[in-house]
Amino acid sequence: MEHISRSELNILLVEPSDTQRKIISAMLAKEDIGQVETAGTVAAALQSIKAHGTDLVVSAMYFEDGTGLELLTQIKNDPKTQAIPFMLVSSEFRPAKLEEFKQAGVVAILPKPFEPIHLNRALNASLDIINTEELELELFDVHEVRVLLVDDSRMARNHIRRVLEGMGLKKITEAENGAMALTLLKDQAFDLLVTDYNMPEMDGRELSEFVRFNPDTAHIPIIMVTSEANNAHMSNIQQTGVNALCDKPFESAEVRKMLMSLLGH
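Along each chain, residues carry numbers from 1 onward, in the same order as the chain's sequence is written. Local features in this predicted model are restricted to residues of pLDDT 70 or higher, and side-chain atom pairs are both shown and tallied only at a pLDDT of 80 or more, whereas totals for entire chains, interfaces and linings draw on every residue. Here the side-chain values reflect all heavy atoms present in the structure, with hydrogen atoms and water set aside.

1. Looking at the sheet that holds strand E12 (residues 244-247)
Paired strands, in this sense, are two strands between which DSSP finds at least two bridges. Elements are defined by DSSP. Helices are runs of H or I of four residues or more, strands are runs of E of two residues or more, and each kind is numbered from the N terminus. With parallel pairing, the 5 strands of this open sheet are ordered in space as E9-E8-E10-E11-E12. Every other strand in the sheet has two partners, leaving strand E9 (171-175) and E12 as the edge strands with one partner each. The mean inter-strand angle of the sheet, taken between neighbouring strand axes irrespective of direction, is 20°. Pairing of strand E10 (residues 192-196) with strand E11 (residues 222-226) involves 4 bridges; the strand directions are parallel. Across the sheet, residue Val194 finds its bridge partner in E11, namely Ile223. Together, strand E8 (146-150), E9, E10 and E11 form the strand contacts of helix H6 (residues 154-166), whose direction differs from that of E9 by roughly 165°. What makes two residues a contact is simply this: any of their non-hydrogen atoms within 4.5 Å. The axes used here are C-alpha line fits, helices contributing only the stretch in contact, and every angle between their N-to-C directions lies in the interval 0 to 180 degrees. Here helix H10 (residues 252-263) sits on the sheet and contacts E10, E11 and E12; the angle it forms with E12, its principal contact strand, is near 165°.

In structure tokens, the structure reads:
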């Protein structure tokens, strides 16, 4: 698989402020980014992507003609563009606002103003998504690992699926809530469960408890994906038998380490 380096990366920077565009473009240049195109509106960004594509979208949250979330949603709902990673740059700190982006499959969220270290980490996360590399497992053929992916957001499922497929996991079955997942678990065998925490009907915690207390499924490793991985109440979640907690945005490097640990031995 050919890898794209930073110097080959083509970024579309979508930012309404001329000043901010210049500042962020200069920071990207210092990070050795190959090419930075810019757009000041949602419409201009979509036009640019349609005309000549891009490897990564770096976008602000608010524009004269719409929001970053609308731009992200349009990109993720179009089969031709849904694989393009999307990085949000915003001074927004309200969890509910950021949660919408996390659920839609954003690859990284940068605070505004940000330091070079923040940008470096976000670029690494984006390149990990673009440059896929298969896991090498001693005991499993990675192509044969059967994964059950549970999340009520289709866009979040698409993003997580893409990260997992990039590591060579091909047998992925999807469910949109815990109740649907339980039905699948009754009829099929799985080697790994990746579940969201916040879901209607049955949340990730309840699903994990069912899996752990049922002798037929108790052995399945569970990765819980949540926007609240650092919150105090998440320590209670681990007591339900979850093997690993993973933050949204779902980062390849972090997930790779978890999978090596859970499936590698």
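2. Observations regarding the pattern of salt bridges
A carboxyl oxygen of Asp or Glu within 4 Å of a side-chain nitrogen of Lys or Arg is what we treat as a salt bridge. Inspection of the entire model under this criterion finds 13 salt bridges. For Arg157, the salt bridge goes to Glu174, with nearest N and O atoms at 2.7 Å. A residue pair is termed long-range when its members are at least 10 positions apart, and Arg157 in helix H6 and Glu174 in strand E9 qualify at 17 residues. With relative accessibility at 9%, the residue Arg157 sits in the buried group. Think of it in three bands: with a 1.4 Å probe and only protein chains considered, a residue is buried below 20% of the maximum accessible area for its type, exposed above 50%, and partly exposed in between. Looking at Glu174, the relative accessible area reads 23%, which means it is partly exposed.

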